[in-house]
Amino acid sequence: MVLTLGALGSVAVLVLALAALRRRRSLPYLLVALAIAALATRAVVGALTMGGYLGSTTHHLVEHGLDVAVVALVVGAVYYARTVENQL
């Protein structure tokens with residue numbers, strides 16, 4: 001139940017991020033949308049693990065990899081928005 005609610009919430013936020021990306025069409029919005037997509041992917045990984053398709057070790061490796069991706073994408077978006085766009 002919690003996994004389903006998390007997945008639905010992540011997908012809803014992803015739809016909003018994609019709508020914002022479509023409207024703004026900038027690199028920071030793309031990076032944030034990708035970060036939110038990585039969060040939504042975590043729910044997929046959880047479902048695959050619960051279904052027995054992924055082992056515990058693979059599950060943890062993928063989840064922590066997605067955590068690193070989220071952090072890198074958000075930091076990249078903030079850095080780009082604060083440095084590159086201010087120079088234009």
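Parameters and conventions
- Residues numbered from 1 in each chain as written.
- Predicted model: local features only at pLDDT ≥ 70, side-chain atom pairs only at ≥ 80, totals over all residues.
- Heavy atoms only, no water.
- Helix = DSSP H or I, 4+ residues; strand = E, 2+ residues; numbered from the N terminus.
- Contact = heavy atoms within 4.5 Å.
- Areas by Shrake-Rupley, 256 points an atom, 1.4 Å probe, with all protein chains shown as cover.
- Expected span 1.5 Å × (residues − 1).
- Buried < 20%, exposed > 50% of the residue type's maximum accessible area, 1.4 Å probe, protein only.
- Core = buried A, V, L, I, M, F, W, Y, C linked by side-chain atoms within 4.5 Å.

J.: Any chance you could break down the overall build of the protein for me, citing the residues and the numbers?
T.: Helix and strand content of the protein: three helices and zero strands. Overall, the C-alpha framework of the protein stretches about 50 × 25 × 15 Å when taken along its three principal axes. In the protein, 57% of the contacts between residues at least 6 apart in sequence involve partners at least 24 apart. Put simply, the protein shows about 6200 Å² of open surface, and 69% of that area lies on carbon and sulfur atoms.

J.: Give me helix H2 (residues 27-50): which residues, what numbers.
T.: Along its 24 residues, H2 runs 35 Å from first to last C-alpha, staying within 8% of the 34 Å computed at 1.5 Å per residue. Buried within H2 we find Pro28, Leu31, Ala33, Ala35, Ile36, Ala38, Ala40, Ala43, Val45 and Gly46.

J.: Explain the nonpolar core to me, and be specific about the residues and the numbers.
T.: The nonpolar side chains of a soluble globular protein tend to be buried with one another. In terms of nonpolar packing, the biggest core is built from eight residues, these being Leu31, Ala35, Ala38, Val45, Leu66, Val70, Leu73 and Ala77. Listing elements by their share of this core, those giving two or more residues are H2 and helix H3 (56-83). Ignoring sequence-local partners within four residues, the contact set of Leu73 consists of Leu31, Leu34 and Ala35. The next biggest cluster of nonpolar side chains, apart from the first, holds five residues, and it includes Leu14, Ala17, Leu21 and Ile36.

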